[in-house]
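# Coordinate inspection notes
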Amino acid sequence: MSPAPVARSSTGWWPRGFTAEHAKSAVLVLIALQYVLRWSRTLRAEGVWRLLALAKHAVLLRVFRLMMLIPSNRQRVEREMAAAMKDISKSLMPASAVPTMRELPAHGRDVSWVQAQLDALQRLGAHGEADGRSVYLDGQVSGTVYHGGEELNRVTLASLERFLLTNPLHPEVFPGLRKMEAEVVAMVLSMFHAPTGAAGTTTSGGTESIMMACLAMREWGRAERGITHAEIVAPSSAHVAFDKAAHYFGMTIRRVAVDRVTRKVDIHAMQRAINANTVLLVGSAPNFPDGIIDDIVAIGSLAKHYRIGCHVDCCLGSFLVPFLEAAGYVSEPFDFRVDGVTSISCDTHKYGFAPKGSSIVMYHSEALRRYQYFVSTDWVGGVYASPTLAGSRAGALIAGAWAVMTRLGRDGYIQSCREIVGAAKEIEKRVRAEIPELVVLGKPLVSVVAFGSAGRVNIYDVGDQMSRRGWHLNAIGGEIPAFHIACTRLTVPVVGRFIDDLKASVADSHTKPSKSGAMATVYGLHTTTPVAPMLLREMASRYIDTMYKVD
């Protein structure tokens, strides 16, 4: 028997009895199902409390915006913001007699004038020091300044001068630069035990390396799985560059918890967060907040099981983690020898001592690397192809990386690892043994040591006390308030001073706690008001605005 014919309605071809109202209802049901699916994925990945927290945040944001419509509320918040920004402006824009340049001079200045102004600008904020570098070369800065020594600086400067005007966008013009870039990538691939056929590119830094890995997996998901809304699953401790990648590339990032004791990612929580849209799992070696290496073997196993990517963020571990065992320290699996690892990021400009603006992103295969490329064949200017976000790039930075890597060699980096990690371990040991008011988070294996309160001190106030003693340390938010020090070569000779100042800061926090310090003020907001994240977002935006003021 043939099927019954479909009747033609007055509005087009419809099943018998199907009206426009039915169509509207069907559309509404589809929209509702889309939202249910979205929230159900969040519920499965992050749990009911996280779901409620997101809902609470959405409600508070709406309430906050409504409250800001009331003039008196808006004026009060603006006064508080202005007062906070006044202090920030003082730190970013110290008083100076150096002339302010708001437009090009009518006539070019002579070389002696330019050099004199450069000297003055270099001393800006140095409090009368003859050499402004003393502010950040005294060993009291956490991370930030990766100084390989004066001799290595001279090698770097020579390479920068020789390749100052080069641009790897035009390899046919600069074949020597092309060769150095390929060799830098190859040397780093070798450090991380990459398999035959592995590939990589240089980038401008860890953030771009991470973003490239995320972009490659987004494009892989589209091409191989038909995924149009790609998702990343990352520990709460993973670098914020993954959020930045999700923001720029239209992806969703699902943050999962870390164990409160070990500080490693909760593997079961990570598995729950995986769904049909997931293209990438993330682990750190080590993470930025507390210097812990995630269980990369377990993450890689998950990635292999679900046939998706596994990225290891080794930007901070860079030229330390690959040499831990050779330097005589305990290590954990983290590189391409781990089954399931598909990409790794490594900063040459950190513990590799290359000039700033130098990093590497690596892939298990050339095929995977191709997903990060941009190629246009129909532009009127001709065929355009670039491997990373940038078009033109500074060839001098590549030359600098090649120069320092070949100058130091494997034995030089092993010794550097031995000294830097040794300093971190000395700090960890002495804090555990001599400062009972503090706790060390997890069991750090590399250069970062994070401290929380054992319950008797306000940890952010301790951090502010350290700031008053000239230390520049990193505050850590989240469920355990803390701050950390990322040891560098400059830290090695000042470990004793750090411990002495930390003891004094803990003692002062008992007797004269202050609420005016930056750590207590900014990070303490999280525990004092539910709208603090919105206020902090505005403050951060104004901070960036201030960076570009010339007044």
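No experiment lies behind these values; they were computed from the predicted model shown.

With that settled, the discussion passes to the sheet that holds strand β6 (residues 278–284). Strand order in the open sheet formed by seven strands is β3-β9-β8-β7-β6-β4-β5, and the pairing between neighbours is mixed. What marks the edges here is a single partner per strand, and that holds for β3 (199–203) and β5 (252–256). Direction aside, neighbouring strands of the sheet carry axes that sit 20 degrees apart on average. Across the sheet, helix α6 (residues 206–225) is in contact with β3, β4 (231–235), β6, β7 (309–313), β8 (343–346) and β9 (359–363); its angle to β9 comes to roughly 25 degrees. Lying over the sheet, helix α9 (residues 296–306) contacts β6 and β7, oriented at roughly 170 degrees with respect to β6.

The element β3 is largely enclosed, with a buried count of five among its five residues. The side-chain alternation of β3 yields two buried faces, one formed by Ala199, Thr201 and Thr203 and the other by Gly200 and Thr202. Bridge analysis of β3 against β9 gives five bridges, and the strand direction is antiparallel. Along β9, the bridge assignment pairs Ala199 with Tyr363.

It is worth spelling out unusual backbone geometry at this point. In this structure, Pro286 follows Ala285 across a cis peptide bond, with omega equal to 0 degrees. Located in the positive-phi region is Thr144, a residue other than glycine, with phi close to 65 degrees. Looking at the element boundaries, Thr144 is found in the loop between α3 (111–122) and α4 (150–162). Non-glycine residue Ser318 carries a positive phi angle of around 30 degrees. Looking at where Ser318 falls in the secondary structure, it is placed in the loop between β7 and β8.

What follows covers the side chain of Ser209. Its location among the elements puts Ser209 in helix α6. Excluding residues within four positions of it along the chain, Ser209 makes contact with Thr203, Ser345, Ser359, Ile360 and Val361.

So, on to the environment of Ile232. Among the secondary structure elements, Ile232 is positioned in strand β4. Ile232 sits in the buried class, given a relative accessible area of 0%. Residues Ile232 and Thr203, spaced 29 residues apart in sequence, show a C-alpha to C-alpha distance of 21 Å. In this structure, Ile232 is in contact with Cys214, Phe242, Met251, Thr252, Ile253, Arg254, Leu280 and Val282, ignoring residues within four places of it in sequence.

A few words now on the UniProt feature "modified residue: N6-(pyridoxal phosphate)lysine" (unreviewed entry) in the chain. Feature annotation in UniProt places "modified residue: N6-(pyridoxal phosphate)lysine" (unreviewed entry) on Lys350, given in this structure's numbering. With respect to the helices and strands, the residue Lys350 is situated in the loop between β8 and β9. If we ignore the near neighbours within four places in the chain, the residues touching Lys350 are Tyr146, Cys315, Leu316 and Ser318. Side-chain polar atoms of Lys350 contact the side chain of Asp347, separated by 2.4 Å.

Within the element layout of this structure, Gly291 appears in the loop between β6 and α9. For the pair Gly291 and Lys264, spaced 27 residues apart in the sequence, the C-alpha separation amounts to 10.0 Å. Dropping the residues within four chain positions of it, Gly291 is found in contact with Pro286, Pro444, Leu445 and Val448.

Cut-offs and rules
Residues numbered from 1 in each chain as written. Predicted model: local features only at pLDDT ≥ 70, side-chain atom pairs only at ≥ 80, totals over all residues. Heavy atoms only, no water. Pairing = 2+ DSSP bridges. Helix = DSSP H or I, 4+ residues; strand = E, 2+ residues; numbered from the N terminus. Axes fitted to C-alpha atoms, helices over the stretch in contact; angles between N-to-C directions. Contact = heavy atoms within 4.5 Å. Buried < 20%, exposed > 50% of the residue type's maximum accessible area, 1.4 Å probe, protein only. UniProt positions renumbered as here; feature names shortened; annotations may be inferred. Polar contact = N/O pair within 3.5 Å; in protein donor to acceptor, adjacent residues only side chain to side chain.

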